[in-house]
Amino acid sequence: MSMQQASTQAPVDVVARTQAVIEAMAGLEGPLLPILHGVQDEFGFVPEASLPVIAEALNISRAEAHGVVSFYHDYRRAPAGRHVLKLCQAEACQSMGSERVAAQVKAALGIGFHETSADGSVTLEPVYCLGLCACAPAAMLDGEVIGRVDAAAIEEIVAEVRR
């Protein structure tokens, strides 16, 4: 598919903004992951319309680009909520009760992992190590790490994301 064909099937703005990200990173060795991160930074997620543009620029198949986006959990296929809450599910946090924490958060927010609340206030994501093993169970809210997450911390987190 040529760039011209891609642009007739995708919103021009998405194509142009994706091409700008590609141009800024195309000289990197192994540019696919940095480009995908750049596109996600640009849009807040990786639009489906960006994939054919990226694939053509890097001379890979659309299936390969799609496979990378769907394999790595850090890439979003839809916009995230106003807040992003990540709950560690790695072994150290599991041993300190992260499964209980996750169940409480899911119940309080009414969503599961990889979901966004109906009001768009929060997206809940699992992560597999935040580097706070000594303070397990751990979470991250909008890039800020939180250690020793307990029932009181869950209440505080839920109140914060509902504002």
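The structure under discussion appears in the preceding block.
Residues numbered from 1 in each chain as written. Predicted model: local features only at pLDDT ≥ 70, side-chain atom pairs only at ≥ 80, totals over all residues. Heavy atoms only, no water.

Caption draft 1: Representation of the overall build of the protein within the structure. Per the secondary structure count, the protein includes eight helices and five strands. Split into buried and exposed, the 163 residues of the protein put 42% on the buried side. Of the contacts formed within the protein by residues at least 6 apart in sequence, a portion of 59% connects residues at least 24 apart. On the protein, the mean spot of the 11 positive side-chain charges and the mean spot of the 20 negative ones are 5 Å from each other. (Helix = DSSP H or I, 4+ residues; strand = E, 2+ residues; numbered from the N terminus. Buried < 20%, exposed > 50% of the residue type's maximum accessible area, 1.4 Å probe, protein only. Contact = heavy atoms within 4.5 Å. Lys, Arg positive; Asp, Glu negative; His and termini not counted. Charge placed at Lys NZ, Arg CZ, Asp CG, Glu CD.)

Caption draft 2: Highlighting the packing of aromatic side chains. Using the criterion set out here, one finds two aromatic pairs in the structure. Look at Phe 71 and Tyr 72: their rings are 4.9 Å apart centre to centre, the planes differ by 90°, and that puts the pair in the edge-to-face class. Classification of Phe 71 as exposed rests on a relative accessible area of 58%. An angle of 85° between the planes, with centres 6.3 Å apart, marks the rings of Tyr 72 and Tyr 75 as edge-to-face. On the accessibility criterion, Tyr 75 (6% relative accessible area) is buried. Each member of the aromatic cluster is reached from another via a ring pair, and the members are Phe 71, Tyr 72 and Tyr 75. (Phe/Tyr/Trp six-rings, centres within 6.5 Å; stacked < 30°, edge-to-face > 60°.)

Caption draft 3: Examining the pattern of salt bridges more closely. Counted by the stated rule, this structure contains seven salt bridges. What you see here is one network of salt bridges that share partners, running through Asp 13, Arg 17 and Glu 42. (Salt bridge = Lys/Arg side-chain N within 4 Å of Asp/Glu carboxyl O.)

Caption draft 4: Local environment of a nonpolar patch on the surface. The grouping of Leu 33, Phe 71 and Tyr 72 at the surface amounts to a nonpolar patch, some 310 Å² of accessible area in total. Counting through the fold element by element, Tyr 72 comes out in the loop between helix H5 (62-71) and strand E1 (83-88). Residue Tyr 72 is classed as partly exposed on the basis of its relative accessible area of 38%. (Patch = residues over 30% accessible without salt bridge, like charges linked within 9 Å, V, L, I, M, F, W, Y side chains within 5 Å. Areas by Shrake-Rupley, 256 points an atom, 1.4 Å probe, with all protein chains shown as cover.)

Caption draft 5: Representation of the pairing of E1. Burial runs high along E1: six of the six residues are buried. As judged from the six bridges shared by E1 and strand E3 (residues 122-127), these two strands associate in the parallel manner. When the sheet's bridge partners are listed, Cys 88 is paired in E3 with Val 127. Examined bridge by bridge, E1 and strand E4 (residues 139-141) share three bridges and lie antiparallel to one another. In the sheet register, Lys 86 faces E4, and the bridge partner there is Met 140. (Pairing = 2+ DSSP bridges.)

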